[in-house]
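Below are the chains, spelled out letter by letter.
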Amino acid sequence: KNYGEVTKIDSNDEDYINILKSISKTNDLVLYVVDILNIREDLGFIKEYIKNNIILVLNKKDILPKSVKDEKIITYLKEKYEFKDIVAVSSLNNYNLDLLMSKIKKYKTSKNIYLVGETNAGKSSLINKMVGNYSDSTPSLTVSSMPETTLEKIKIKLNDEIELIDTPGIVDRGNIINYLDKKYYKILNTSREIKPKTYQISKNQSLLIGDFLRIDYLEGDRNSFTLYIPNGIKVKRINSRHDYLKELSYKEYELKFHEDLVIYGLGFIKIVINGKIGIYLNKDVKTFLRKNLI
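Now for a look at the structure at hand. The structure presented is a predicted model; accordingly, all values stated were derived computationally and were not measured. (Residues numbered from 1 in each chain as written. Predicted model: local features only at pLDDT ≥ 70, side-chain atom pairs only at ≥ 80, totals over all residues. Heavy atoms only, no water.)

### Examining the environment of Leu100
Logical step 1: Within the fold, Leu100 resides in helix H3 (residues 97-107).
Logical step 2: Ignoring anything within four residues of it in the chain, the contact list for Leu100 reads Leu31, Ile55, Val57, Val87, Val89, Leu126 and Met130. (Helix = DSSP H or I, 4+ residues; strand = E, 2+ residues; numbered from the N terminus. Contact = heavy atoms within 4.5 Å.)

See below:
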């Protein structure tokens, strides 16, 4: 917390699943906190292990452009998943925290409110802000740009009616942050509003994103590629004949104009007409197509 030093945790997926199963033995309300820029492909997986009422909390709303309305994203997710409720918040600027608190009071069945979510979803920051806003206690959870920094279940008394229970972050091995140099940790955990980057790309041109991702435009008419990624990531347009990053794992996608290409942990990319693309990236990073989120 004070010096930016973190001890890496040696935990496996079974540890986290057992924690989720233990929560399911209660009837307590659960807040499933996700990073709004990095919504996983199988968002509903949490319900395989937790049968409780779940509020989906879309955290870090402040990093999306202000033009993106909550209702559009919430409607999109309600069409795909069944949660008790969905709310977009920002723990950084207090956005919708009063709304979240009202939903907690509406759906809670006891004092205990569990928080679950992937590493770097911002659970600890959210709890610290809620403690600062709604109790006389002093926020004290560790907040870090490093993955896996909550060691065990931690109970925090908010007031006489609510006790928040933080849990270790669920480790998604497909998140790009697990495979990048430490210099990218703070960049990926940005608190600044993203300014989408748009590039006009013709067939046989490529985009180099940082030093870890290459996107080749293989087939299609001249196209507009818009990148929703943290501002600190450098992007360069090159001719596809160059060999930069071609040593990485390769995958091709037929990307339609109404779809996003998601690079999990980094963000997503949109185009305006159908086209075929090839990507070079670490083989363990999860990528997938989805209907346009925004």
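Still more ground to cover, so stick around.
### A word on the packing of H3 against helix H4 (residues 123-134)
Logical step 1: For the pair H3 and H4, interaxial distance at closest approach is 11 Å and the crossing angle is 85°. Taken together, the axes of H3 and H4 lie roughly perpendicular to each other. Residues Leu97, Asp98, Leu100, Met101 and Ile104 of H3 touch H4, and the partners they reach there are Leu126, Lys129, Met130, Asn133 and Tyr134.
Logical step 2: Classifying every residue of the contact of H3 with H4 gives seven nonpolar, one polar and two charged. (Axes fitted to C-alpha atoms, helices over the stretch in contact; angles between N-to-C directions. Parallel < 35°, antiparallel > 145°, perpendicular 65-115°, else oblique. Nonpolar A, V, L, I, M, F, W, Y, C, P; charged D, E, K, R; others polar.)

### Some points on the packing of aromatic side chains
Logical step 1: Evaluation of the coordinates by the stated rule reveals eight aromatic pairs.
Logical step 2: When the ring of Tyr32 is compared with that of Phe45, the centres are 6.5 Å apart and the planes differ by 75°; the resulting orientation is edge-to-face. Here Phe45 lies in the loop between strand E1 (29-35) and strand E2 (54-59) and Tyr32 lies in strand E1, a separation of 13 residues in the sequence. Taken individually, Tyr32 and Phe45 each receive the classification buried, so the pair is uniform in this respect.
Logical step 3: Relative to Tyr49, the ring of Phe45 lies with its centre 6.4 Å away and its plane at 70°, an arrangement referred to as edge-to-face.
Logical step 4: According to the relative accessible area criterion, Phe45 is buried, its value standing at 12%.
Logical step 5: A relative accessible area of 21% means that Tyr49 is categorised as partly exposed.
Logical step 6: Over the face of the ring belonging to Phe45 we find Arg40, whose NZ or CZ atom lies 4.0 Å from the ring centre.
Logical step 7: For the cation-ring pair, Arg290 lies above Phe268, with the distance from its terminal atom to the ring centre recorded as 4.8 Å. (Phe/Tyr/Trp six-rings, centres within 6.5 Å; stacked < 30°, edge-to-face > 60°. Buried < 20%, exposed > 50% of the residue type's maximum accessible area, 1.4 Å probe, protein only. Lys NZ or Arg CZ within 6 Å of the ring centre and 35° of its normal.)

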